[in-house]
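Okay, here's what each chain looks like letter by letter:
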Amino acid sequence: MIVKAIQGYLSAALLTASVATVAAPISPADYQRVVDEAYAQFKDEKGGANADYIPILATVPSEMFGVVIITRDGEVYSAGELDYEFSIQSVSKPFTASLIMQQQGPRAVREKIGVEPTGMAFNSKMALEIYEGRSVNPLVNAGAIAAVSLVEASSEKDRWQQVLSNIEDYTARDLTVLEEVYDSEYETAWGNRAIANLLFNYGRLYSEPEEALRVYTRQCSIGINTLDLAMMGATLANEGVNPKTGKRVLDREHVPELLAIMATAGFYDESGEWMYSAGLPAKTGVGGGIVAVVPGKFAIATFSPPLNPAGNSVRGLKAIGYISSTLGVGLYGPNAGE
Ligand code: DON
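Fair warning: this is a prediction, and the values are worked out from it, not measured in the lab.

### Digging into the packing of helix α2 (residues 28–42) against helix α14 (residues 314–327)
Okay, so step 1: Running from N to C, α2 and α14 cross one another at 145°; their axes reach a closest spacing of 9 Å. The two elements α2 and α14 meet at a crossing, and its hand is right-handed. Residues D30, Y31, R33, V34, V35, E37, A38, Q41 and F42 of α2 pack against R315, K318, A319, Y322, I323, T326 and L327 of α14.
Okay, so step 2: Looking at the contact of α2 with α14 residue by residue, the classes come out as nine nonpolar, two polar and five charged.

Quick look at the structure:
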């Protein structure tokens, strides 16, 4: 009996200890410490190379590196490059998918675009040919061009304005297009033009193809900084309400669906690898940005231009993996971070 009592006491103590570990709130000092450590640890990392298939991206200084956390109540923790405006690129894609969810419900995203990860590169034409859904999911180029074409709009100008102001609702500040990036990308957009035309051919594009291509390319050329990116993620962490403005941008019940797509497809053919190491829904862009969301808590944003072969920022991947594992905030429990 005494043994049983001791066992009972011990297991209660252990349970309390483990609950205390999981539930312990993260203090402001903890947030700043992990941001500083991630910055210091990876700022001299030399792996990867700037994207150059959009020629102007090769000219962005490769050494720039910024790390920001914004909590759901708008507290900001930062290190490194905060002001430089880089092109948002594919990080814009889930946010335009959220606009479609707001306008037409999550079913429209599932039925008119798709929600399956492709396991292939972001610009794969093969995925479009192999999968019956064609556009496959809103985070690959095909699905993102389809998403732009789905926006209910009276004209190209109206379509663009809706896409831009939706993203501004997430950043809580007015944004502009980096026109040099737009020109550089639109002049060389033969692959995306092929994708838009193929989608149209298969009945999976919902506007005139060249209009969709132009608006999609403008969307990718929007200039944001590391703080903007973190605010975008913090809005999702805050269940769809921008922590700075208090404006609801996405209905609360749609946030899980959007995060699910980010978790399964945010890193394209590296999404499994990413969930294995960091365990968080996230989105990357070839401009060097990554945003990851800890649902109900905070967002982590990084900016660093050199990419790995899958098109994902090398320093950003490492920094977010480090922060996720150090704070133990992976969705399925603390991840290894490497
Ligand atoms: O369409 C493109 O290729 C670019 N505007 C966006 C690609 C991108 O950011 C892929 N992400 N890592």
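### Here we look at the pairing of strand β6 (residues 289–294)
Okay, so step 1: With respect to burial, β6 is a largely interior element, six of its six residues being buried.
Okay, so step 2: Burial along β6 is two-sided: the residues G289, V291 and V293 and I290, A292 and V294 are all buried.
Okay, so step 3: As paired elements, strand β5 (residues 282–284) and β6 share three bridges and run antiparallel to each other. Directly across from K283, in β6, lies its bridge partner V291.
Okay, so step 4: Here β5 folds back onto β6 in antiparallel fashion, the turn holding four residues, of which G288 has a positive phi close to 110°.
Okay, so step 5: Relative to strand β7 (residues 298–303), β6 runs antiparallel, the two being bridged by six bridges.

### Comments concerning the environment of I26
Okay, so step 1: When you line up the elements, I26 lands in the loop between α1 (2–23) and α2.
Okay, so step 2: Measuring from C-alpha to C-alpha, the distance between I26 and A310 comes to 32 Å, with 284 residues separating the pair along the chain.
Okay, so step 3: Residues in contact with I26, not counting those within four places in the same chain, are Y31, F298, L327 and V329.

### As for the nonpolar core
Okay, so step 1: Counting residues in hydrophobic clusters, the biggest one holds 64 residues, and the most contacted among them are I222, L229 and L236.
Okay, so step 2: The two domains that each donate at least three residues to this core are domain 1 (24–90 + 222–327) and domain 2 (92–220).
Okay, so step 3: Excluding anything up to four places from it in sequence, L229 contacts F86, V91, I224, G289, I290, V291, A301 and T302.
Okay, so step 4: Listed in part, the 29 residues of the second largest apolar core include V35, A38, I69 and A278.

### Considerations on the site of the ligand
Okay, so step 1: Taken together, 14 residues lie around the ligand, and Y53, Q89, S90, E185 and Y216 are the ones closest in.
Okay, so step 2: At 2.6 Å, a side-chain N or O of Q89 approaches a nitrogen atom of the ligand.
Okay, so step 3: The separation between an oxygen atom of the ligand and a polar side-chain atom of N141 is 3.0 Å.
Okay, so step 4: Summarising the interface, the protein chains cover 99% of the accessible area of the ligand, which totals 340 Å² for the free molecule.
Okay, so step 5: Three or more residues apiece are contributed to the shell around the ligand by two domains, here domain 1 (24–90 + 222–327) and domain 2 (92–220).

### Overview of the confidence of the model for the chain
Okay, so step 1: Within the chain, residue pLDDT values average 93, and 93% of them lie at 70 or more.
Okay, so step 2: Under a pLDDT of 50 for its full length, residues 1–22 has, in the predicted model, zero contacts with residues more than four places off or in other chains.

About the criteria used
Residues numbered from 1 in each chain as written. Predicted model: local features only at pLDDT ≥ 70, side-chain atom pairs only at ≥ 80, totals over all residues. Heavy atoms only, no water. Axes fitted to C-alpha atoms, helices over the stretch in contact; angles between N-to-C directions. Helix = DSSP H or I, 4+ residues; strand = E, 2+ residues; numbered from the N terminus. Left-handed = near helix turned anticlockwise from the far one by under 90°. Contact = heavy atoms within 4.5 Å. Nonpolar A, V, L, I, M, F, W, Y, C, P; charged D, E, K, R; others polar. Buried < 20%, exposed > 50% of the residue type's maximum accessible area, 1.4 Å probe, protein only. Pairing = 2+ DSSP bridges. Core = buried A, V, L, I, M, F, W, Y, C linked by side-chain atoms within 4.5 Å. Domains from an automatic or database assignment. Near = heavy atom within 4 Å. Polar contact = N/O pair within 3.5 Å; in protein donor to acceptor, adjacent residues only side chain to side chain. Areas by Shrake-Rupley, 256 points an atom, 1.4 Å probe, with all protein chains shown as cover. pLDDT = per-residue confidence, 0-100.

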